[in-house]
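So the chains spell out like this:
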Amino acid sequence: MPAAGSSVGAVMPAEQGKTVIVDPVIAKIAGIAAASVPGVYALGGGAARVLGSIREAVGAKDLSQGVSVEVGETQVAADITIVAEYPVQLQRVAQDVRGAVADAITQLAGMEVAEINVTVVDVRIPGDEDSAPERVQ
């Protein structure tokens, strides 16, 4: 059974029982995949990045920052918010994020991806270190 307060995700029947994959697991998979795409500087909008910086300062990194997912029985929809590096082509980076996230969810969770929406909320300009978060690793 899912822990109290957690959302129920995909339930996949198996021969000897069922496998339940909760939404935060899919969100973490999507976040790791999106952060690995060249041209993605950070995940999340301004407030999410500030909270992420605070979490990192106390040693707890949120790998699903900037990621929202809806998990059905066999399909996943995801919304990813990114900060892109200047001067990357934004449409190319968004498409690469879609591909990386879809591949990761399909390979790791065995689920079909219905849609992945990418929102670019900022562009990081080199030398603009005062207002930008640390680089996604």
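Up top is the structure these notes are about.
Now for a description of the structure that goes with this document. (Residues numbered from 1 in each chain as written. Predicted model: local features only at pLDDT ≥ 70, side-chain atom pairs only at ≥ 80, totals over all residues. Heavy atoms only, no water.)

Take the packing of helix α1 (residues 23-35) against helix α3 (residues 90-109) next. It is the contact of α1 with α3, at a shortest axis distance of 8 Å, that shows an interaxial angle of 135°. Considering the angle they form, α1 stands oblique to α3. Crossing of α1 over α3 shows right-handed handedness. Residues Ile 26, Ile 29, Ala 30, Ala 33 and Ala 34 of α1 pack against Val 97, Ala 100, Val 101, Ala 104, Ile 105, Leu 108 and Ala 109 of α3. Considering only residue class, the contact of α1 with α3 consists of 12 nonpolar, no polar and no charged. (Axes fitted to C-alpha atoms, helices over the stretch in contact; angles between N-to-C directions. Helix = DSSP H or I, 4+ residues; strand = E, 2+ residues; numbered from the N terminus. Parallel < 35°, antiparallel > 145°, perpendicular 65-115°, else oblique. Left-handed = near helix turned anticlockwise from the far one by under 90°. Contact = heavy atoms within 4.5 Å. Nonpolar A, V, L, I, M, F, W, Y, C, P; charged D, E, K, R; others polar.)

It is worth spelling out the pairing of strand β6 (residues 112-124) at this point. The sheet contact formed by strand β5 (residues 75-85) and β6 spans 11 bridges and is parallel. Directly across from Ala 84, in β6, lies its bridge partner Val 123. This β-α-β element, β5 to α3 to β6, shows right-handed connectivity. (Pairing = 2+ DSSP bridges. Right-handed = clockwise from strand over helix to strand, strands pointing away.)

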